[in-house]
Amino acid sequence: FAAGASGIIIRWDGNSGSLPTGWDTGNQTWNDVWAFGAASGFAVGAAGEIWRHNGSAWVRSQDTGNQTWNAVWMFSPTDGVTAGSAGEIRRYNGSSWSLPAGWDTGAQTWNDIWMFSATDGMVVGAGGAARRFNGSDWNTPVTTNTTANINAAYLSLTNGWAVGNNARGELILSWNGISFSRVGPSASLPNINLFGLHCVIINDCFAAGASGNIFRLTGGGYETSGLLTSSVFDMSDTSP
């Protein structure tokens, strides 16, 4: 799925994008979408709107008020988290999006959310802010070494990346499991804002930003310590 302005949610079939019947949600701006498969997902956006796909069309899941939701993370069709403006982070229980105690972080805009598990996660946002979830609340600040807006993150427990405004001089950030540090400045990058980030593997990522720019971020060297989780390969070995 791809979602954006004008209430349109596009379906990609492997060859092209299309607008199926029931997928035009009206004059609405969508900021993030999560798909479980071809017929299930959630979209979050402006004016407090959260919609879900019911198998044939997109319908309103909940109108949560005037805040803008910028990011959504779903564990299952009945369990998820969303974050956005007004400092609120909400949890979905299968029927409603509620605001648990300790999940209102004040007058802060969150632009992206990343969950390591149901009891551990991270939000990043305006002014270089980041908070860590401890299983009950989002009150643990994370050092980012920047005051620029952080717009997107792709993380593991021990490494990862975040991107945001002013990519050349300010905001490509490296995550080491404890804090973020700035990478750069890089004279080879145009001075633009980066809004989206996806990694094929943790050191091979694509970042999309203003003026139609898409960058590939690649890391070199090796980790001196940490936990390695390898890819799984079928070696055609039938022995025990």
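Residues numbered from 1 in each chain as written. Predicted model: local features only at pLDDT ≥ 70, side-chain atom pairs only at ≥ 80, totals over all residues. Heavy atoms only, no water.

Novice: What is the right way to look at a nonpolar patch on the surface in this model?
Specialist: A surface patch of nonpolar side chains, amounting to about 420 Å² of accessible area, comprises V200, I201, F206 and I214. Tracing the backbone through its elements, the reader meets I201 in strand β20 (residues 194-201). (Patch = residues over 30% accessible without salt bridge, like charges linked within 9 Å, V, L, I, M, F, W, Y side chains within 5 Å. Areas by Shrake-Rupley, 256 points an atom, 1.4 Å probe, with all protein chains shown as cover. Salt bridge = Lys/Arg side-chain N within 4 Å of Asp/Glu carboxyl O. Helix = DSSP H or I, 4+ residues; strand = E, 2+ residues; numbered from the N terminus.)

Novice: Sorry if this is basic, but what is going on with the sheet that holds strand β1 (residues 2-3) here?
Specialist: The pairing of strands in a sheet happens through backbone hydrogen bonds and is either parallel or antiparallel. Spatially, three strands are ordered β1-β2-β3 in an open sheet, and the strand pairing comes out antiparallel. Strands at the two margins of the open sheet, each flanked by one partner only, are β1 and β3 (17-18). Taken together, the two bridges between β1 and strand β2 (residues 9-12) define a ladder with antiparallel strand orientation. Across the sheet, residue A3 finds its bridge partner in β2, namely I9. (Pairing = 2+ DSSP bridges.)

Novice: Looking at this model, I keep getting lost on the side chain of S85. Mind explaining?
Specialist: With respect to the helices and strands, the residue S85 is situated in the loop between β9 (79-84) and β10 (89-92). One polar contact links the side chain of S85 to the main-chain amide nitrogen of T68, over a distance of 2.8 Å. (Polar contact = N/O pair within 3.5 Å; in protein donor to acceptor, adjacent residues only side chain to side chain.)

Novice: Just to check I follow, could you spell out the packing of aromatic side chains for this structure?
Specialist: Pairs of aromatic rings are described using the distance from one ring centre to the other and the angle between the two planes. Here the structure, examined in full by the defined rule, presents twelve aromatic pairs. Where W34 meets W73, the ring centres are 5.1 Å apart and the plane angle is 50 degrees; that geometry is what we call tilted. One end of the pair, W34, is in strand β4 (residues 30-37); the other, W73, is in strand β8 (residues 69-76), with 39 residues separating them in the sequence. Of the aromatic side chains, those joined through ring pairs into one cluster are W34, W73, W114 and Y154. (Phe/Tyr/Trp six-rings, centres within 6.5 Å; stacked < 30°, edge-to-face > 60°.)

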